[in-house]
Each structure stands twice: as structure tokens, then as C-alpha cells.
Amino acid sequence: MRTTCYLSHGSPMLPLEDSSAREFAKQFPSLHLAERPMAIIPISARGDAPGQWGHKPKAIIANLAHRDTSDPVVNGVNKNSLMNTFSGFSQQHYQRHAVDQTFDSATPVQASHKDMQEETAETEAHNGSGASKRFDFLVIGSGVAGLRYALAVAKFGTVAIVTKSEPQESNTMYAQGGVSAVLDPADSVESHIRDTIVAGAFLCDEETVEVVCREGPERVRELIAWGALFDQSEDGQLHLAREGGHSHHRIVHAADMTGREIERALLTAVQTDPNISMFEHHVAVDLLTLQDGPTVVCYGADTLDTKKQKVVRFIGGVTMLASGGAGHVYPTTTNPLVATGDGVALAQRAHAVVSNMEFVQFHPTALADEGLPIKPEKRENAFLITEAMRGAGGILYNQSMERFMPLYDSRGELAPRDMVARSIDDQLKKRKEKFVYLDISHKPRDEILAHFPNIAAECLKYGLDITKEPIPVVPAAHYMCGGVQTGLLGETSIQGLFAAGEVTCTGLHGANRLASNSLLEALVFAERAVEPSVAYAFKKGSEQADIEKVEKECLRPVVAMDLNKDELKEVLRFTAVQRKRLQQIMWDYVGIVRSTERLKVAQRELTELEAEWEEHLLRNGWKPRMVSPEVCEMQNLISVSNLVVSSALVRQESRGLHYTTDFPMLVESARLPTILFPSSSMTTWSSKLVRRTEVETR
């Protein structure tokens, strides 16, 4: 099949006869010329226009440059060819290396931990601009994906886990429901596959879905082997719950605190592994990458040690991005404060392909504090009421105690999350109310307390007994179905960079995630990334010449030490104000129900917000390479927000989590995932400010 490659400088489109487009075609030989485009997607002046890619093997790829309008919009690219072209490492390559190499788990890839520490000390002593630490594997994030991966690759080399806060502070810790896996003889992998694809509005990558569903049971058994304690039935077998969208009982859980139990088990194993070093309170600032033509190679990351207020550079033979989601793009979210979209923003700045960012999952049932007898003080994140409560028989009512879900979906409370969230949103708007009720009180008291002890205790703190009264609930931002695009082995479009967990878009979730498939996906892809990671480390590793080039060409960030106390206070104050403004823009215009006009308003307001914020920083003494946790997070939130809005604007249908009043119907011809193609040059937070400064001072 012939594909179409057109270059846009706004509008109209310029055909491939353009010299820059021909050069692009040379770099990507899998693309061929065609006389007419199948679809024209102009790139806006900001370069933020998105595109779509769809049924395998077709794709529509859009360029989201940082104010760069000279990059191609390509239609019809095979996803696997695309990934292989970008990464230069095909699955066959990984598999070949996995077979050719004989890995000795007792022999690290490069050096022992002791040697590594000695080398680190030497590097720090001779580097006045900051510390450099070298490890065979660098893991960014300490949730289930990062920990599972670290435990596996630690058999082959030294591992550094960089985590933004305390090690346990991740989205994993707050996951209540469980892990979905086919462990009941009455269930089947085929049924799990079907449920996943239906919930995903038929946008899922079928190969990915099959891989995850088939490998899931083994991953659960591994967790048990590592010491995870899951609920059991009276016969000693695992107690399997059922949640919305699932046709069978297949949710392995630890009461309503499954994520906490998994995190505990994995952290315990990590802490006893001598090859793994944990670096707490280290904020990832930028990935360390070098570009040679179309190929981008990752060598690690620069981080900010927020306790010691110093920049630490981590050089890794392989980098695993497992930094979680971006719930704090919105004002109300079930995610912890660390979930600010750092991984997606870092990867996109470094030239990675990003996909399906319009699909933001709002969990239908977060605890509505306004409806509690005793009002809690302001929370950092909303308290989740697990999907399993509806699976166990919980019923949704409006404030007149009228059951409403059967009016919207024949599956009632067991409908997928996107449908339940939209139904609640519709009730709230029609009735001008602020919450609905989820009632489980008709179930036996002992059963409620056995299955939902954490929820019962939390509600009781605020005067609500869930065994007697309904729970006030409201939707809240919960999960990003889009993210850094990966292949079946966790490989990204950047050599040496792998990704797993919520930060990714593997194709599993499609347009809407099936309940309890997130922990499963993280476990499966963390394992699948191990062999190719080790193969890459054996083949390339962090060669001394490359390290010297990284140290020379990648300028280090600097801590904002030169600002006086008043300047820094003003920067942080204004950043906090703009962060709240951004969150409100996203909720008001890019929420559960959207429209083209409102998305365009969001795009304009985000552009104005970013310009005002950057200008204010520069006026208050902020220098291009300065970093602080608050400023880094704000930049990442802006980046992710723009990706979500741009992706939503291009999808002219309603599918899964993306519902727009202008295109309320599902369109079969639009059953295409969205790929956000990288800009023509890599950017960092620092380099972006440098360019902005140069423009403004002329």
C-alpha cells in the first residue's frame, strides 16, 4: 500500500516535491510518495496540531513541534515499521540478541556495585558543575512498573531507581481495585481479550491485548512469589472480584488496598537487593540524549536532588521511564501530588513519539467531600471509591435517591468507566447538583467491612457509616490512556529508552481502560522490556566516548541559587497561581464532555498562560538553565495539557473517553489511534527558555 507524505506550513499543504520533505523521505524509506493526501491536517502556528493513526497498519502522524511549522504530517505508516525506523532496533534484533547472548546473572553488564560507587566518587570529585553517577540501568519512577523492572535487570547489572518523593509515593500505592487476570477455570483469555477491546471502544491494538491477557496470570504468580498477600476464599483459592466491563470474576485483590500491598512486596524485595540503589527526592529534569540524523539515543537523565538542592546527573546504559501519570493536569484527581506528567513531557521534549493523549479517564466515583457529614480539610488528591464496589452490587442514585444508570446503559452500574462517568456528569448538570450517591449498604455489614475496610475507615473519619448510608461520589481525573508510544517489548522511538506503566501508550487500553488492567499492563511490559534492555546494554552500554560527548554537549541545569529570597518567593507564588489556573482551564474546557469551540478556547488560554508565566519568571531574575521542582512540574503540566488539547481537537468523533458535542457519534472510519510526531529538533526546558529569551531581547 502506498502512503502519503505532505509537509504543512500552516495551510495549504505543500506536497513532497518540497526539498525538506524529500529529505524526510530519505530518512524514513518506509514512506512513499502519493499524489494526494488521504487526509489533510494543517499544523497550527504553534505547531501543536495532532494527528491520528488507526487500524493496523495505517496511521496518521501529526507533528507537535515547539512553535515549529516545518515538520511533516504523514498518513499511512505501519506502526511497527515506524517504531523500528525510529529506534533502529527491531523486535527481531532484540530477539536475536536475547538468543545469541548467554547472560550470567552473577556478572553485571559493566561493573560491580562497589566499582560503580568508586567510579561515582571519582566523577563527583572531578566535576565542579555537579555530581555524575553511572549505573547499568536507570529507572525513573518507583511504582509497580519501575520496581518490577528493577528487580529483573538487577540480575545483570547495577540499577539506580530515581523517585520524585518517598519510594512508595506513586499511583500504584493508591490503586484500590486489583489486578485482572484469568485464573478461574470458568473464565478464558479470549473473554478477557473481548472485554478489553469492547471497553476500549475497539481502538485497542489487538496484538498487545492478547499478549497482556495471556501473560497476566504468570505475572500475578510472580507477585505472590515475591510475597504479595492477596485475599483468598474459604477454600484457600484466590478470591476473584468482578468490576465494571468484566464479564467474569477475575480481579485479584488485597481488600481495597491492592496497590499498597503490591508496592509493599516489591519495595521489600528491592531493599534487599544489593545491586539496586534508591535515590529518593530526585526530580527528573530532562533526559540526556544525543541526536545523529533521525536517530536519538538516550544516555540517562539529569535530576534535581530536592533535599540537598543540587543537580545530579545519572548516566545509564539503559533508561526505563516508569514515572506514572498526569492526574494533576486537573484540579480534582485521585492521583498523588507527584503525578504531573513528567515522563511524557520529558520524552516528548527528547523526540519520543507520543500517542492517544486525548483519552483521559475520569474515575466515576471519587469521594465527594461536599457530601460528607464532617467536611475534611483540603486534600492533595481525591479519595478513590473503587470500581469493585459497583462490581460487588453498589448502586448509583441521584440526590432524590433515583437509580439512573439503567437509563444510560443496559449494563447499569457495570458499564465501563467512560459511560458511567458521562452518565454521572449528565445527572449533575441536569439537576444542578454537585455529587451523586453510591450505595452498598444493602449488603451484609460483615461483607462490606471485609471487602472495603479502607473505604469504610476513611468515610467513618468524616461521620459516614457506609454499612448504613450511601456514599457521596463525583468523577475525578484518574488515568492517562495515552502516553509515550512503545512496542511490544517496551521500546520507545528513542534508542536506549524503554517505558512501562501509565506513562506509556502500548495500545492495550484503546479509547478507555478496562478496570484493573493498569497494574496488569505495568507488570507485563516491565517484564517484556528486560531481555531487550539487557541485550542493548551488552551491545552498547555507556561507552566512554559517548559519556564524554554527553558531558560536553548536554549542559547541566543549575539550582536557582542566584535568585534573592524575594525573587524566588515571587516565582514560586506566581507558579502556584498559574498552576491552579491551568487546572481550571482543563476542567472547564477539556473535561468529560467537550466541544470544538471549548477546546479552542483552552488552546488559546494555555498559550496565554504559558507566555505570561515564562515572562514573569524572566522578569524576576529566572535564568534559562535554572530549575526548581515547582517550575519543572509547571512546565511539564503545560506540555501535557497542550498534548491533550491538540489530540482532542483532531478527533472528530466521540469514542471512549473522548466525547464531543460537535461529533457525538462514533465514526467507523475514524477508528484510528492518534500519534503525535516529534518536532524537527530536540528541546529541553532550558533550551526553550534560551530561545524565548533571544527572541524577546532583540
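Counting restarts for each chain, with residues numbered from 1 along the sequence as it is written. Restriction of local features to residues with pLDDT of at least 70 applies here, the model being predicted, together with a cutoff of 80 or more for giving and counting side-chain atom pairs; totals for whole chains, interfaces and linings are based on all residues. Note: side-chain values were computed over all heavy atoms of the structure, leaving out hydrogens and water.

## Describing the overall build of the protein chain
Of regular secondary structure, the protein chain possesses 21 helices and 26 strands. For the exposure calls, accessible area comes from a 1.4 Å probe over protein chains only, and a residue counts as buried if that area is under 20% of its type's maximum, exposed if over 50%, partly exposed in between. Here the protein chain, with 698 residues, has 63% of them falling under the buried criterion. For the protein chain, contacts bridging at least 24 residues in sequence account for 75% of all contacts bridging at least 6. For the protein chain, the accessible area works out to roughly 26,500 Å², and carbon and sulfur atoms hold 51% of it. Labels follow the DSSP assignment, with helices taken as runs of H or I lasting at least four residues and strands as runs of E lasting at least two, numbered in each case from the N terminus. In this description, contact between two residues means that some pair of their heavy atoms is separated by no more than 4.5 Å. Here the Shrake-Rupley method, with its probe set to 1.4 Å, supplies the accessible areas, and only the displayed protein chains count as covering residues.

## Considerations on the pattern of salt bridges
Definition used for salt bridges: Asp or Glu carboxyl oxygen within 4 Å of a side-chain nitrogen of Lys or Arg. A full pass over the atoms with the stated rule returns 38 salt bridges. Two residues, R221 and E218, come together in a salt bridge whose shortest N-O distance is 3.6 Å. Within this pair, R221 and its partner E218 are both found in helix α7 (residues 206-225), separated by 3 residues, close to a single helical turn. You can call E218 partly exposed: its relative accessible area is 38%. A salt bridge links E551 to R313; the nearest nitrogen and oxygen atoms lie 3.0 Å apart. One end of the pair, E551, is in helix α17 (residues 544-553); the other, R313, is in strand β13 (residues 310-321), and 238 residues separate them in sequence. By relative accessible area, which is 26% here, E551 ends up partly exposed. Overlapping salt bridges bring together R148, E215, R219, E222, E527 and R528 as one network.

## Some thoughts on the side chain of S516
Position of S516 relative to the elements: it lies in the loop between β21 (504-505) and α15 (518-528). Assessed through its relative accessible area of 4%, S516 is described here as buried. N or O atoms closer than or at 3.5 Å make up a polar contact, with two conditions inside protein: a donor-capable atom paired with an acceptor-capable one, and, for residues adjacent in sequence, both atoms drawn from side chains. For S516, the side chain forms a polar contact with the side chain of E243, separated by 2.8 Å. Once you skip the residues sitting within four places of it in the chain, S516 turns out to touch G177, G178, V179, S180, E243, I251 and R417.

## Observations regarding the layout of surface pockets
A cavity, in this analysis, means grid points on a 1 Å lattice covering only the protein atoms where a 1.4 Å probe fits yet has no way out; a pocket is instead an open set bounded by protein on both sides within 12 Å along at least five of seven lines, and a residue lines either one if it has an atom within 4 Å of a point. Grid points are joined across faces, edges and corners, and a volume is the space filled by probe spheres set on the points. Here the largest pocket defines a volume of roughly 1,200 Å³. Around the largest pocket sit 39 residues that line it, and Y330, P331, T332, T333 and K378 are the ones nearest its centre. For the lining of the largest pocket, the elements supplying multiple residues, two or more each, are α12 (417-431), β18 (471-480), α18 (565-589) and α20 (629-650). It is α18 that contributes the most residues to the lining of the largest pocket, 9 residues altogether. Polarity classes work like this: nonpolar for Ala, Val, Leu, Ile, Met, Phe, Trp, Tyr, Cys and Pro, charged for Asp, Glu, Lys and Arg, and polar for all others, with Gly in that last group. A per-class count over the lining of the largest pocket returns 16 nonpolar, 8 polar and 15 charged.

## Things to note about α20
A helix is expected to reach a length of 1.5 Å times the quantity of its residues less one. In this model α20 runs 32 Å from its N-terminal to its C-terminal C-alpha over 22 residues, within 8% of the 32 Å that 1.5 Å per residue would give. For α20, the tally of buried residues reaches 20 of 22 residues, placing the bulk of the element in the interior.

## Quick notes on the UniProt feature "coiled-coil region" (unreviewed entry) in the protein chain
When the UniProt feature table is mapped onto this chain, "coiled-coil region" (unreviewed entry) is found at residues 592-619. What you have in residues 592-619 is 86% helix and 7% strand, and the ends, taken at the C-alpha atoms, are 37 Å apart. UniProt positions are given in the numbering used here, feature names are shortened, and annotations may be inferred rather than shown by experiment.

## Quick look at the packing of aromatic side chains
Stacked, tilted and edge-to-face are the three classes assigned to paired rings of Phe, Tyr and Trp, where Trp is represented by its six-membered ring and a pair needs centres within 6.5 Å; plane angles under 30 degrees give stacked, over 60 edge-to-face, the rest tilted. Taken as a whole, this structure holds 7 aromatic pairs when the rule is applied. Both rings, one in F362 and one in W587, keep their centres 5.8 Å apart while their planes meet at 55 degrees; by these two values the pair is tilted. In this pair, F362 sits in strand β15 (residues 360-367) while W587 sits in helix α18, placing the two residues 225 residues apart along the sequence. A ring pair is formed by F435 and Y437, whose centres lie 5.6 Å apart and whose planes are at 75 degrees; its orientation type is edge-to-face. Across the pair, exposure class does not vary: F435 and Y437 are buried alike. An aromatic cluster of at least three residues, connected via ring pairs, comprises F135, F279 and F314. For R513, the ring lying beneath its charged end belongs to Y479, and the centroid distance is 4.3 Å. When the NZ atom of lysine or the CZ atom of arginine is within 6 Å of a ring's centre and also within 35 degrees of its normal, the charge is said to sit over that ring.

## Overview of the sheet that holds β18
Any two strands are treated as partners once DSSP identifies two or more bridges connecting them. One open sheet holds the 4 strands; their spatial order is β15-β18-β17-β16, and the pairing between them is antiparallel. Whereas interior strands pair on both sides, the edge strands pair on one side only; in this sheet they are β15 and β16 (395-397). Here the strands of the sheet are splayed against their neighbours by 45 degrees on average, with no regard to which way each runs. For strand β17 (residues 436-439) and β18, the ladder comprises 3 bridges, and the chain directions are antiparallel. Bridging across to β18, V436 finds its partner in V473. Throughout, an axis means a line fitted to C-alpha atoms (over the contacting stretch in the case of helices), and angles, computed between N-to-C directions, take values from 0 to 180 degrees.

## What to know about the pairing of β15
Summarising burial for β15: 8 of the 8 residues are buried, a large majority. Looking at chain direction, β15 and β18 are connected through 6 bridges and run antiparallel. Bridge pairing links A366 to V474 in β18.

## Overview of the sheet that holds strand β9 (residues 251-252)
On the basis of which strands lie adjacent, the open sheet formed by 3 strands has the order β7-β9-β8 and antiparallel pairing. Edge positions in the sheet fall to β7 (179-180) and β8 (240-241), since each has one partner strand and no second.

## Details of the nonpolar core
For soluble globular proteins, the rule of thumb is that nonpolar side chains tend to be buried together. Working definition of a nonpolar core: buried Ala, Val, Leu, Ile, Met, Phe, Trp, Tyr and Cys residues. They are joined through side-chain atoms within 4.5 Å. Ranked by internal contacts, the top residues of the largest apolar core, which has 66 residues, are F137, Y149, V159, I161, I262, I276 and M320. Sort the elements by how many residues they give to this core and helix α5 (residues 144-153) lands first, with 8 residues. Among the nonpolar cores identified, the runner-up in size contains 64 residues, and V162, F314, I592 and L599 belong to it.

## Topic: the confidence of the model for the protein chain
Per residue, pLDDT captures the predictor's confidence, and it can take any value from 0 to 100. In the predicted model, the protein chain carries a mean pLDDT of 81, and 78% of its residues have values of at least 70. Note that residues 1-128 has pLDDT below 50 and, in this model, 297 contacts with residues that lie over four places away or in other chains. Within the model, pLDDT remains below 50 along residues 687-698, and this stretch shows 17 contacts once partners closer than five positions in the same chain are excluded.

## Notes on the environment of H282
Positionally, H282 belongs in strand β11 (residues 282-292). The exposure class of H282 is buried, given its relative accessible area of 7%. Remark: the alpha-carbon pair of H282 and I161, spanning 121 residues in sequence, is separated by 9.6 Å. Every residue in contact with H282, bar those within four places of it in the chain, is listed here: V162, T163, K164, T303, L304, D305, V312 and F314. Looking at H282, its side chain comes within polar contact range of the main-chain oxygen of E280, at 2.7 Å.

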